[in-house]
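Residue-level listing of the chains:
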Amino acid sequence: MALESINPGELDPPATYSHVVVATGTRMVFISGQVAEDRAGNLVGPGDMTAQARQVFANIGHALAAAGARPDQVTKLTIFVAGYRREHLAQIEEGRVALFGEHKPADTLVGVAALSRPEYLLEVDAVAVTT
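Please read these numbers as outputs of a predicted model, since none were measured by experiment.

The rules behind the values
- Residues numbered from 1 in each chain as written.
- Predicted model: local features only at pLDDT ≥ 70, side-chain atom pairs only at ≥ 80, totals over all residues.
- Heavy atoms only, no water.
- Helix = DSSP H or I, 4+ residues; strand = E, 2+ residues; numbered from the N terminus.
- Expected span 1.5 Å × (residues − 1).
- Buried < 20%, exposed > 50% of the residue type's maximum accessible area, 1.4 Å probe, protein only.
- Contact = heavy atoms within 4.5 Å.
- Salt bridge = Lys/Arg side-chain N within 4 Å of Asp/Glu carboxyl O.
- Core = buried A, V, L, I, M, F, W, Y, C linked by side-chain atoms within 4.5 Å.

(A) Broad picture of helix α2 (residues 88-100). The first and last C-alpha atoms of α2 sit 18 Å apart over 13 residues, in line with the 18 Å expected at 1.5 Å per residue. When α2 is considered as a whole, its buried residues turn out to be His88, Ile92, Gly95, Arg96, Leu99 and Phe100. Buried residues in α2 make contact with α1 (49-66), β4 (74-82), β5 (106-112) and β6 (122-130). At the C-terminal side of α2, Gly101 shows a positive phi close to 60°.

Structure, rendered in structure tokens:
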């Protein structure tokens, strides 16, 4: 499996993601939206975006591993943020970097009024391509 990240010269180069990711592989892995719950279903980090981001991305990592995929094979993320404010970006990035390091999949961040439970601040889904 190969990923090629492209940031066209006509677009402002992003610091934390890639505008385009071209994936060559034979198997696609779709990870449902993950929230900040631990293995027992307990909310991690009530009211704390950084703690929730770390748990959400850790959960994505667990889901990838269960499918035989790695974080560096993720091609696309969709990030849903309840009551989005600009300062959330740095907090979300802490969790993201903990999982992906320097890997920068394509992503979309969507501010929403609320998620499925009022205590959830963040939900993230992912797509990976493997061999």
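(B) Local environment of the pattern of salt bridges. Under the counting rule described, the total for this entry stands at six salt bridges. The partner of Glu37 in a salt bridge is Arg117, and the shortest N-O contact between them spans 3.0 Å. Highlighted residues: Glu37 in the loop between β3 (27-34) and α1 and Arg117 in the loop between β5 and β6, separated in sequence by 80 residues. Note that Asp107 is salt-bridged to Arg96, the shortest N-O span being 2.4 Å. Of this pair, Asp107 sits in strand β5 while Arg96 sits in helix α2, and the two are eleven residues apart along the sequence. Judged by relative accessible area, which is 17%, Asp107 ranks as buried. A single network of salt bridges, built from pairs that share partners, joins Glu37, Arg117 and Glu119.

(C) Geometry of the nonpolar core. Ranked by internal contacts, the top residues of the largest apolar core, which has 22 residues, are Leu77, Leu122 and Val124. At the level of elements, β3, α1, β4, α2 and β6 are the ones that each hand at least two residues to this core. For this core, the element with the most residues is α1, which contributes six residues.

These figures come from the coordinates and say nothing about function on their own.
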